[in-house]
Amino acid sequence: MRSYLTQTFTLPSLRPLCLLLTAVLLSWGSAPVEANELKRPMQGVRNLGMGNVGVALSYDENALFYNPAGLAAVDAILVGFPMVYEVSQDTIDLASDISKLSGDSSTSETVSTVMGKDIFFRTAPLDINLVVPFGEVFTLGAALASEIRLELSARNPVSLELSFGMRADAIGVLGFGTTINKGQWLVGANVKQVQRCDVPRLTLALGDALSGSNLSDSVGFCSELTASKTAYDFGFQRRLASFSGAKLTWGAVAHNIGGMKFDRADNETNPADVAAEYDIGLSMQPDWGPVRLLGAIDIRDVSIANEEDTYCRERRSSDC
């Protein structure tokens, strides 16, 4: 379970059928294939609050990361400095438990407190987005962002071990979107550069971690971000005929066309190359008088080419 710092909103009283339909759509959209979360950088706060959907529902700066076709629907200049702070529920619980420990707590009490907790932290210390529409002809977008993810847990109470993993990304994106066939089709493309430092999750004995002996060799910290080759995204969205005012849109996007192949030192395996990813999605924004609903479904990585690049696969956690 993860907690997000995000915006909240309330809906007016809705008819039971509308509530049921929305619940089904949002719950489906919040569960990626095989219930695994792809470790995709720069996930939008608004999108995370809706189950991380966005393939057919990206009409703002987040289109640069979910589906560039959504840029074509932006009708005003957007300048954004979003702040993202994401932690696991275990991190919140652990902070609360540690605050309750007294100053004379024994080592065994401290170890017992941290044992079995999975600490996850994600933040975007730099995120600048700009989207500029040029009338109804086309829209340009750009983003410069960085993101840091950290995972830490303690295992084996007899001989304490620390499990650690991290990833740091620096990303630059330029995007383009336009409409065709009188606005029924939205198409868009991105070109992006990703620099990455990736330390796969590994286990260290506490003694080695505290002594620092050969720690850098054991953990394999990279001294600088590793540059990738340029990658491309292409996507489209199709506005369907309105069914009882449902305003249906479906979309598809190909991320990292040709794959991202990182430069690595000899005999190194990380950062791992990233295969192309193909996503499809459906959104519904019915306008039934005073009632406004929003529902979306995404199916990510339909070819399952990136199934090993997920939190659940890497952690083998029963909670995922």
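Further up the page is the structure itself.
Residues numbered from 1 in each chain as written. Predicted model: local features only at pLDDT ≥ 70, side-chain atom pairs only at ≥ 80, totals over all residues. Heavy atoms only, no water.

Student: When you look at the overall build of the chain in this model, what are you seeing that I'm missing?
Tutor: Secondary structure summary: the chain contains 8 helices and 14 strands in total. Counting the 320 residues in the chain, one finds 44% classified as buried. If you take every contact in the chain between residues at least 6 apart in sequence, the share linking residues at least 24 apart comes to 68%. Surface summary for the chain: the accessible area is close to 16600 Å², and the carbon and sulfur share equals 60%. (Helix = DSSP H or I, 4+ residues; strand = E, 2+ residues; numbered from the N terminus. Buried < 20%, exposed > 50% of the residue type's maximum accessible area, 1.4 Å probe, protein only. Contact = heavy atoms within 4.5 Å. Areas by Shrake-Rupley, 256 points an atom, 1.4 Å probe, with all protein chains shown as cover.)

Student: Even after reading the chapter, I still don't get the nonpolar core, so can you show me in this structure?
Tutor: Side chains of a nonpolar character, in soluble globular proteins, are inclined to be buried together. Counting 20 residues, the largest nonpolar core has M42, L64, F65, I171, V173 and M260 as its most contacted members. Only α3 (63-66), β4 (118-134), β5 (138-155) and β6 (161-180) provide two or more residues apiece to this core. In terms of residue count, α3 provides more of this core than any other element does, 4 residues in total. For V173, the residues in contact, after removing those within four places along its chain, are L64, F65, G141, A142, A143, N190, V191 and K192. The next biggest cluster of nonpolar side chains, apart from the first, holds 5 residues, and it includes M166, A168, C197 and V199. (Core = buried A, V, L, I, M, F, W, Y, C linked by side-chain atoms within 4.5 Å.)

Student: How do you make sense of the environment of V74 when you look at a structure like this?
Tutor: Within the secondary structure, V74 sits in the loop between α3 and β2 (78-80). Residues V74 and A63, spaced 11 residues apart in sequence, show a C-alpha to C-alpha distance of 9.7 Å.

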